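Chain by chain, the residues:
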Amino acid sequence: MSASILKAGTFKHITCRNNIYPKSTLQRFPVPDDFVFWSAEYVNYSPPIYTAPHINGQPWADPDIGCVDFQPKWNQLDGAVNRVSFNGIYKIENGLPINPIGRTGLSGRGLLGRWGPNHAADPVVTRWKRNADGSVSINSDTQKKMLQMVAIQRHDNNMWAIPGGMVDPGEKITATLKREFMEEALDSFENQKVIEDFFAKGNEIYKGYVDDFRNTDNAWMETVAYNFHDDSGAQVGKLALSAGDDAANVKWLDIDSTIKLHANHIDIIKEVIKRLNAYW
Ligand code: BGC
């Protein structure tokens, strides 16, 4: 069963509103809480249009809407490109896909490659925190076991995050989860066998919209998150971590209610905590 944390019509995104758009000097058009949902009338709403110049022509990016040879098939698998949203059917207005959660104060694609949903996958790799003698650390107030996760520090906003990444066209989610973890958190291929076995057993935790700081009215992030838990600490829990090119740092992060993570990764982690009945 997959938890649906950020539901359209209930959840109001925060990270992609009322700030300067990342890697630009562009101020988003103000979107107060009461005007997030498209169902609320906002007569003066006129967001600036922005697509970061460097994404044009990138192999991972769509052409601009209106280009003659760009005939996207919305809400379906378009060749190898997955334009299906986990939130159901999204609307198309004036040729543009519409953010299923609501207004962001910016139209265009911003920094995102795809119009509509941009799909990522997030491996939440966990182990129990251990004391020097190898026993599992228990919180004395709650008697609950303490959990650690592999976290990377992102280059773009310096925040700690799940070591996820974008799903390549045609790639299976299970392959993305493993590939991204290896690229961002592990010292290459030495441990292939351990990795293969470990990533063969995961639990789906979340799939859906991500409140990402790059989202716009016409392009947004979605993810599928899986938990891979090393209960004994003898599998991935034992391997040396090493930050890949996409990450500034990597570590086993102690999880509790004080940690701050990129986008809505904390909501994903809370689901893992619930499932493993760990200390929070
Ligand atoms: C990251 C994922 C994240 C997604 C949405 C991607 O850049 O690699 O970990 O869930 O963005 O924020």
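Structure: above.
The model shown is predicted, which means the values in this text are computed figures rather than measured ones. (Residues numbered from 1 in each chain as written. Predicted model: local features only at pLDDT ≥ 70, side-chain atom pairs only at ≥ 80, totals over all residues. Heavy atoms only, no water.)

Asker: Looking at this structure, how should I read the nonpolar core?
Answerer: Burial of nonpolar side chains together is a common tendency in soluble globular proteins. Grouped together as the largest cluster of nonpolar side chains are 30 residues, with contacts concentrated most on Met149, Tyr209, Leu261 and Ile269. Those elements giving two or more residues to this core turn out to be strand E7 (116-128), strand E8 (147-154), strand E11 (203-210), strand E12 (219-230) and helix H3 (265-276). The element best represented in this core is H3, accounting for five residues. (Core = buried A, V, L, I, M, F, W, Y, C linked by side-chain atoms within 4.5 Å. Buried < 20%, exposed > 50% of the residue type's maximum accessible area, 1.4 Å probe, protein only. Helix = DSSP H or I, 4+ residues; strand = E, 2+ residues; numbered from the N terminus.)

Asker: Whenever I open this one, the side chain of Arg214 confuses me. Can you help?
Answerer: Looking at where Arg214 falls in the secondary structure, it is placed in the loop between E11 and E12. Look at Arg214 and you get buried, because its relative accessible area is 15%. Ignoring any residue separated from it by four or fewer positions in sequence, one finds Arg214 in contact with Tyr21, Pro22, Arg28, Leu111, Leu112, Arg154, Asp156 and Met221. (Contact = heavy atoms within 4.5 Å.)

Asker: I tried to follow the pairing of E7 on my own but got confused; where do I start?
Answerer: Remark: a regular strand shows side chains that alternate across the two faces of the sheet. Most of E7 sits inside the fold, with 13 of its 13 residues counted as buried. Where E7 and E12 come together, 12 bridges link them in parallel fashion. Along E12, the bridge assignment pairs Val125 with Phe228. By the bridge criterion, three bridges tie E7 to E8 in an arrangement that is antiparallel. Residue pairing for E8: Arg127 is matched across the bridge by Gln148. (Pairing = 2+ DSSP bridges.)

Asker: Help me understand the site of the ligand, please; the structure alone is not making it clear to me.
Answerer: For the ligand, the set of nearby residues contains 13 residues, the closest of which are Asp122, Asp212, Arg214, His262 and His265. Asp122 is positioned such that a nitrogen or oxygen atom in its side chain is 2.4 Å from an oxygen atom of the ligand. Starting from 310 Å² of accessible surface for the ligand in isolation, the protein chains cover 94%. Of the residues that constitute the shell around the ligand, the class distribution is five nonpolar, four polar and four charged. (Near = heavy atom within 4 Å. Polar contact = N/O pair within 3.5 Å; in protein donor to acceptor, adjacent residues only side chain to side chain. Areas by Shrake-Rupley, 256 points an atom, 1.4 Å probe, with all protein chains shown as cover. Nonpolar A, V, L, I, M, F, W, Y, C, P; charged D, E, K, R; others polar.)

Asker: When you look at the packing of helix H1 (residues 173-185) against helix H2 (residues 192-199) in this model, what are you seeing that I'm missing?
Answerer: In helix packing, the relevant descriptors are the interaxial angle and the interaxial distance, both defined with respect to the helix axes. Running from N to C, H1 and H2 point in directions that differ by 140°, and their axes come no closer than 11 Å. Taken as axis vectors, H1 and H2 run oblique relative to one another. H1 and H2 meet at a crossing whose hand is right-handed. In contact with Leu177, Lys178, Phe181 and Met182 of H1, H2 contributes Gln192, Ile195, Glu196 and Phe199. Grouping the constituent residues of the contact of H1 with H2 by class yields five nonpolar, one polar and two charged. (Axes fitted to C-alpha atoms, helices over the stretch in contact; angles between N-to-C directions. Parallel < 35°, antiparallel > 145°, perpendicular 65-115°, else oblique. Left-handed = near helix turned anticlockwise from the far one by under 90°.)

Asker: I tried to follow H1 on my own but got confused; where do I start?
Answerer: Counted at 1.5 Å a residue, the expected span for H1 with its 13 residues is 18 Å, and the 18 Å between its end C-alpha atoms agrees. Turning to H1, its buried residues are Thr176, Leu177, Glu180, Phe181, Met182, Glu184 and Ala185. Against E7, E8, strand E10 (165-166), H2, E12 and strand E13 (247-254) lie the buried residues of H1. (Expected span 1.5 Å × (residues − 1).)

Asker: Would you take a moment to explain the environment of Glu93 for this structure?
Answerer: By the secondary structure assignment, Glu93 is in strand E4 (residues 92-93). Between the C-alpha atoms of Glu93 and Asn218, which are 125 residues apart in sequence, the distance is 9.7 Å.

Asker: What should I look at first to understand the environment of His54 in this one?
Answerer: Among the secondary structure elements, His54 is positioned in the loop between strand E1 (49-51) and strand E2 (77-78). His54 gets classed as partly exposed once you look at its relative accessible area, which sits at 46%. On a C-alpha basis, the gap between His54 and Phe11 in space is 32 Å, while along the polypeptide they are 43 residues apart.

Asker: Got a minute to help me understand the packing of aromatic side chains in this structure?
Answerer: Centre-to-centre distance and the angle between the planes together describe a pair of aromatic rings. Applying the stated criterion across every chain yields a total of 12 aromatic pairs. Seen in terms of ring centroids, Tyr226 and Phe228 are 6.1 Å apart; in terms of plane orientation they differ by 20°. Their pairing is stacked. Residues Tyr226 and Phe228 agree in their burial class; the two are buried. Through a chain of ring-to-ring contacts, the aromatic side chains of Phe29, Phe35, Trp38, Tyr42 and Tyr45 assemble into a single cluster. Taking the ring centre of Tyr45 as reference, the NZ or CZ of Arg103 above it sits at 5.2 Å. (Phe/Tyr/Trp six-rings, centres within 6.5 Å; stacked < 30°, edge-to-face > 60°. Lys NZ or Arg CZ within 6 Å of the ring centre and 35° of its normal.)

Asker: I'm lost on H2 in this one. Help?
Answerer: Every α-helix winds through 3.6 residues per turn, so residues three or four apart in the chain are directed the same way. Buried within H2 we find Ile195, Phe198 and Phe199. End-on view of H2: buried residues confined to an arc of 85°, all on one side of the axis. Summarising the contacts, the buried residues of H2 are in contact with E7, H1 and E12. (Arc of directions from axis to C-beta.)

Asker: So what exactly am I meant to see when it comes to unusual backbone geometry here?
Answerer: Glycine aside, negative phi is the norm for most residues, and most peptide bonds take the trans geometry. With a phi angle near 65°, Gln143 is a residue other than glycine that sits in the positive phi range. Note on placement: Gln143 falls in the loop between E7 and E8. Here Asn158, not a glycine, exhibits a phi torsion of approximately 60°, which is positive. For Asn158, a relative accessible area of 53% puts it in the exposed group.

In short, the description is geometric, and any link to function would need to be established separately.
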